[in-house]
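The chain contents come next:
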Amino acid sequence: MAQFDTEYQRLEASYSDSPPGEEDLLVHVPEGSKCKFLAMTARAGAWGRAGGVGSKGLPFLQGSDISTPVPTAPWHHIENLDLFFSRISFVQFLFVVAFTTFLVSCVDYDILFANKMVNHSLHPTEPVKVTLPDAFLPAQVCSARIQENGSLITILVIAGVFWVHRLIKFIYNICCYWEIHSFYLHALRIPMSALPYCTWQEVQARIVQTQKEHQICIHKRELTELDIYHRILRFQNYMVALVNKSLLPLRFRLPGLGEVVFFTRGLKREPGALGARCWSLYGRCYLRHFNELEHELQSRLNRGYKPASKYMNCFLSPLLTLLAKNCAFFAGSILAVLIALTIYDEDVLAVEHVLTTVTLLGVTVTVCRSFIPDQHLVFCPEQLLRVILAHIHYMPDHWQGNAHRSQTRDEFAQLFQYKAVFILEELLSPIVTPLILIFCLRPRALEIIDFFRNFTVEVVGVGDTCSFAQMDVRQHGHPQWLSAGQTEASVYQQAEDGKTELSLMHFAITNPGWQPPRESTAFLGFLKEQVQRDGAAVGLAQGGLLPENALFTSIQSLQSESEVCSWGLGGDGQSGLQELELRTGHGVEGRTQVVGKLAP
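Because the structure is predicted, anything quoted here is derived from the model rather than measured.

Definitions and cut-offs
- Residues numbered from 1 in each chain as written.
- Predicted model: local features only at pLDDT ≥ 70, side-chain atom pairs only at ≥ 80, totals over all residues.
- Heavy atoms only, no water.
- Helix = DSSP H or I, 4+ residues; strand = E, 2+ residues; numbered from the N terminus.
- Buried < 20%, exposed > 50% of the residue type's maximum accessible area, 1.4 Å probe, protein only.
- Contact = heavy atoms within 4.5 Å.
- Areas by Shrake-Rupley, 256 points an atom, 1.4 Å probe, with all protein chains shown as cover.
- Salt bridge = Lys/Arg side-chain N within 4 Å of Asp/Glu carboxyl O.
- pLDDT = per-residue confidence, 0-100.
- Disulfide = S-S within 2.5 Å.
- Phe/Tyr/Trp six-rings, centres within 6.5 Å; stacked < 30°, edge-to-face > 60°.
- Lys NZ or Arg CZ within 6 Å of the ring centre and 35° of its normal.
- Axes fitted to C-alpha atoms, helices over the stretch in contact; angles between N-to-C directions.
- Parallel < 35°, antiparallel > 145°, perpendicular 65-115°, else oblique.
- Nonpolar A, V, L, I, M, F, W, Y, C, P; charged D, E, K, R; others polar.
- Pairing = 2+ DSSP bridges.
- Patch = residues over 30% accessible without salt bridge, like charges linked within 9 Å, V, L, I, M, F, W, Y side chains within 5 Å.
- UniProt positions renumbered as here; feature names shortened; annotations may be inferred.
- Expected span 1.5 Å × (residues − 1).
- Arc of directions from axis to C-beta.

Here we look at the overall build of the chain
Within the chain, the secondary structure is distributed over 23 helices and eight strands. The burial tally for the chain puts 44% of its 600 residues in the buried class. For the chain, contacts bridging at least 24 residues in sequence account for 70% of all contacts bridging at least 6. Just so you have it, the chain exposes about 32100 Å², and 63% of that area is on carbon and sulfur atoms.

Shown next as structure tokens:
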């Protein structure tokens, strides 16, 4: 049996949301490696353990089983949590199979490519244009060709079995969607007409209230905002922590390419997949706070997309720009002539390869224009990087003051990559991933096991969760972000890059009604005081006139007006918040300044 060098140090939950004596109601049932899909039932013995979020950030609940008497209310104890299903496009699959079969067996390509003449007239010498239906074979001929093709029949049988399986899953998911529909309508009292316009905070408040009325989780009387986030983000929080502690082998140094990041999830169909750039999967995980829902992360990264694109465009090569301008000029000139001739007489398109030439020239012009910078663009990488920081909140310390260097640009490109690179990585993932699992991940297996043993806590009403998701600054705080004595975390226990502190700030701002544990409350109290002092000082210095503030706009979009006031950010507090977080999020020196100011 393997011997572990790391001592087992299972952390206890830093606080409990349950009333005294209620812990005895919990019977912990460890989950298996697989869970069933969501099923909302009133069956005896079901209790909530986790949750999911739909495509619009709306939650639904799941759970496990214990032996407990069940009240008669229809929404008591929702069964089987932690997973949610995605929509299945089985109709699209059916279309693809049928259309492919039609193209293979029911099209006369000799007529389509004009290798065989078709004459609809009584006078064979009269020229006749070929229409598209002329290339379609009769139904009898098409059916006979399909039956004669044994390979095609085999493929169709396999596709049929797969389609029936998808159809059964689709019907099952429809039933589950109907249960969710009923839950929102009757338990949460949200009509379908209002559901598309409900905010996450409204739905979350309804869930908390529903727990009080219907006791959907029988082992605690009240659910907190953090309970709901833990249920939804149970596995995502572990992934964020693994990336934060650099336990996953994601960085590789390749000859000729330098350091590269490889982190994929399997190619999926996405709108706009051929755009210029996107946030990489590694970047999304690196930049994600603990307990940050997908729609919250997406909103934050979307606000940073434009400044990130401008920053990357600052580094275009002058030689590449010159070549792109000339190539776009030559291709555009030829394209313009062909388009003009086509407008004059559409028969020009009937000339062989003209349409292909027009298409290739159009693609060439589009690609070349992407390498030509805006002539009004001003080279200011440091300012752009500060604006980006205002939205993404995390950056390595050595980027400060080095935004103009190509090394910083290359490292940022690992977070904000070309979509062509993203697609290439996904296509290579079936080949590369097994090699990484065998040669890179296997040697770290014991470290990863120790991580799960040491950083898993059991929270009443939630079950096993990642201890970093508790956002407890005493257990996982970083000394550079806190005053002396505020954290007991060792180097192994502390989160890197201020992840615990920034996650705590973000969650407290987006959920002002949440009551954090005592140590975190003290940290937030010092933070609020500093924001108010800095805001008042800036307001006095500027006579109450505040400049436009990118960071405050970023955070303010996550909260209502009342929530802003709860942080004391009305009026002059805006600049104070920007100054504070720009320091806390950028560099060791900035964190040291905050430590001094937040000291009690």
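Read on for the rest.
Looking at the pattern of salt bridges
Enumeration over the complete set of coordinates arrives at twelve salt bridges. Close ionic contact of Glu 213 with Arg 189 constitutes a salt bridge, the shortest N to O distance being 3.1 Å. Of this pair, Glu 213 sits in helix α5 (residues 200-214) while Arg 189 sits in the loop between α4 (150-187) and α5, and the two are 24 residues apart along the sequence. Looking at Glu 213, the relative accessible area reads 38%, which means it is partly exposed. The salt bridge involving Glu 519 is made with Arg 518; its shortest N-O contact spans 3.1 Å.

Here's the deal with the confidence of the model for the chain
Residues with a pLDDT of 70 or more make up 70% of the chain, whose mean pLDDT is 75. Every residue in residues 1-88 scores below 50 in pLDDT, and together they form 245 contacts with partners more than four places removed in sequence or on other chains. Across residues 544-600, where pLDDT falls below 50, the model places 125 contacts with residues more than four positions away in sequence or in other chains.

Focus on the state of the cysteines
Summed over all chains, the structure comprises one disulfide. Each disulfide pairs two cysteine sulfurs, and for Cys 106 the partner residue is Cys 142, the sulfurs being separated by 1.5 Å. Taken together, the residues span a long stretch of sequence, with Cys 106 in the loop between α1 (90-105) and α2 (109-112) and Cys 142 in helix α3 (residues 139-148) at a distance of 36 residues. Each of the two residues, Cys 106 as well as Cys 142, counts as buried. The thiol of Cys 314 is not disulfide-bonded; the next cysteine sulfur, from Cys 380, is found 6.0 Å away. Just so you know, Cys 368 is unpaired, no disulfide at all, and the nearest cysteine sulfur is the one on Cys 327, 3.5 Å from it. According to the relative accessible area criterion, Cys 368 is buried, its value standing at 8%.

Quick word on the packing of aromatic side chains
Summed over all chains, the structure comprises 25 aromatic pairs. Put simply, the rings of Trp 279, Tyr 305, Tyr 311, Phe 315, Phe 379, Trp 399, Phe 412 and Phe 416 pair up and form one aromatic cluster. Between Arg 277 and the ring centre of Tyr 418, over which it is positioned, the NZ or CZ distance is 3.7 Å. Here the guanidinium or amino end of Lys 499 rests over the ring plane of Tyr 394, the centre of that ring lying 4.1 Å away.

Quick notes on the packing of helix α6 (residues 225-232) against helix α7 (residues 234-244)
At a minimum axis distance of 4 Å, the contact between α6 and α7 shows a crossing angle of 80°. Relative to α7, the element α6 lies roughly perpendicular. Two secondary-structure elements touch here, α6 through His 230, Arg 231 and Ile 232 and α7 through Arg 234, Gln 236 and Asn 237. When the residues that make up the contact of α6 with α7 are grouped by side-chain class, the tally is one nonpolar, three polar and two charged.

A short note on the pairing of strand β3 (residues 251-254)
Bridging between β3 and strand β4 (residues 258-261) involves four bridges; their strand directions are antiparallel. Residue pairing in the sheet places Arg 253 in a bridge with Glu 259 of β4. Counted between consecutive antiparallel strands, the loop separating β3 from β4 contains three residues, among which Gly 256 sits at a positive phi close to 85°.

Comments concerning a nonpolar patch on the surface
Taken together, the side chains of Phe 95, Val 96, Phe 99, Leu 103, Tyr 109, Leu 112, Phe 113, Leu 132 and Phe 136 define a hydrophobic patch exposed on the protein surface, amounting to about 880 Å² of accessible area. Secondary structure elements with two or more residues in the nonpolar patch: α1 and α2. Take the nonpolar patch: its biggest share by element is four residues, from α1.

Structural notes on the UniProt feature "transmembrane region" (unreviewed entry) in the chain
UniProt feature "transmembrane region" (unreviewed entry): in the numbering of this structure it lies at residues 84-107 and 319-344. The straight-line gap between the two end C-alpha atoms of residues 319-344 is 38 Å; of that span, 100% is helix and 0% is strand.

A few points about the pairing of strand β7 (residues 456-459)
Both faces of the sheet carry side chains from a regular strand, because those side chains alternate between them. The sheet contact formed by β7 and strand β8 (residues 463-466) spans four bridges and is antiparallel. Directly across from Glu 458, in β8, lies its bridge partner Asp 464. Where β7 hands over to β8, the hairpin turn is made up of three residues, of which Gly 461 adopts a positive phi near 90°.

Thoughts on α5
Between its first and last C-alpha atoms α5 spans 21 Å; for 15 residues at 1.5 Å apiece the expected length is 21 Å, and the two agree. The set of residues buried in α5 consists of Trp 200, Val 203, Gln 204, Ile 207, Val 208, Thr 210, Gln 211 and His 214. Looking down the long axis of α5, one finds its buried residues gathered within 160° of arc, a one-sided arrangement.

Some thoughts on unusual backbone geometry
One non-glycine residue with positive phi stands out, namely Ser 246, at about 55°. Among the secondary structure elements, Ser 246 is positioned in the loop between α7 and β3. For Ser 246, a relative accessible area of 53% gives the class exposed. One non-glycine residue with positive phi stands out, namely Asn 291, at about 60°. Classification of Asn 291 by relative accessible area gives buried; the value is 0%.

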